[in-house]
Amino acid sequence: MDADLASYTSGTTTSDAGTIRSACNYLAHDVRILKTFEPIHDVPAQTSWALALTDLEQGAADCSTGSLNGDPAQAAKAKAEIAKGDREYAAVIDRLGVILGQKPTSSPT
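Residues numbered from 1 in each chain as written. Predicted model: local features only at pLDDT ≥ 70, side-chain atom pairs only at ≥ 80, totals over all residues. Heavy atoms only, no water.

Asker: What am I meant to see in helix H4 (residues 72-100) here?
Answerer: Along an α-helix, residues three or four apart share an orientation, since each turn contains 3.6 residues. Relative to the 42 Å expected for 29 residues at 1.5 Å per residue, H4 spans 41 Å between its end C-alpha atoms, a close match to the ideal helical length. Along H4, the positions that sit buried rather than exposed are Gln-74, Ala-78, Glu-81, Ile-82, Gly-85, Asp-86, Glu-88, Tyr-89, Ala-90, Val-92 and Gly-97. Capping the start of H4 is the job of one residue whose side-chain oxygen sits 3.0 Å from the backbone nitrogen of Ala-73: Asp-71. Gly-101 occupies a position one or two residues after H4 and carries a positive phi of about 75 degrees. (Helix = DSSP H or I, 4+ residues; strand = E, 2+ residues; numbered from the N terminus. Expected span 1.5 Å × (residues − 1). Buried < 20%, exposed > 50% of the residue type's maximum accessible area, 1.4 Å probe, protein only. Polar contact = N/O pair within 3.5 Å; in protein donor to acceptor, adjacent residues only side chain to side chain.)

Listed below in structure tokens is the structure:
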């Protein structure tokens, strides 16, 4: 998933609609797989995880449609949703780091 988020960021900086759409499709694919995993047995981590997956899934869908239709408003909405999902994903990583006694990272991407 980290590579998908990085690919999305790369695509947005180059304004390459094909790269963006491809990255969003990969992100949507990864989220579908991640949604089949067992829940995290820590309420704060699971809450952040569920929020991250929801926002990333919606962002990927809006991104794909926005890049296909050349809709800058939808693309901006997708970027905000993906950024929010990325922050929630970072919160999961941070929480799991605390649980495991490891120094948390600020962001996975």
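Once you've had a look at it, read on.
Asker: Mind showing me how you'd approach the state of the cysteines here?
Answerer: Each disulfide is one covalent bond, formed between the sulfur atoms of two cysteines. On inspection of all chains with the given rule, the structure shows 1 disulfide. The disulfide partner of Cys-24 is Cys-63, and the S-S distance across this bridge is 1.8 Å. Because the torsion about its S-S bond is 70 degrees, the bridge between Cys-24 and Cys-63 counts as right-handed. Here Cys-63 lies in helix H3 (residues 43-69) and Cys-24 lies in helix H2 (residues 17-34), a separation of 39 residues in the sequence. Accessibility classification places Cys-24 together with Cys-63 in one group, the buried group. (Disulfide = S-S within 2.5 Å.)

Asker: Honestly, the packing of aromatic side chains in this entry has me stumped. Any pointers?
Answerer: Aromatic rings considered in pairs are described by the distance between their centres and by the relative angle of their planes. Considering all chains together, one arrives at 1 aromatic pair under this definition. On the basis of an interplanar angle of 40 degrees and a centroid distance of 6.2 Å, the ring pair of Trp-49 and Tyr-89 is categorised as tilted. On the criterion of sequence distance, the pair formed by Trp-49 in helix H3 and Tyr-89 in helix H4 is long-range, its members being 40 residues apart. (Phe/Tyr/Trp six-rings, centres within 6.5 Å; stacked < 30°, edge-to-face > 60°.)

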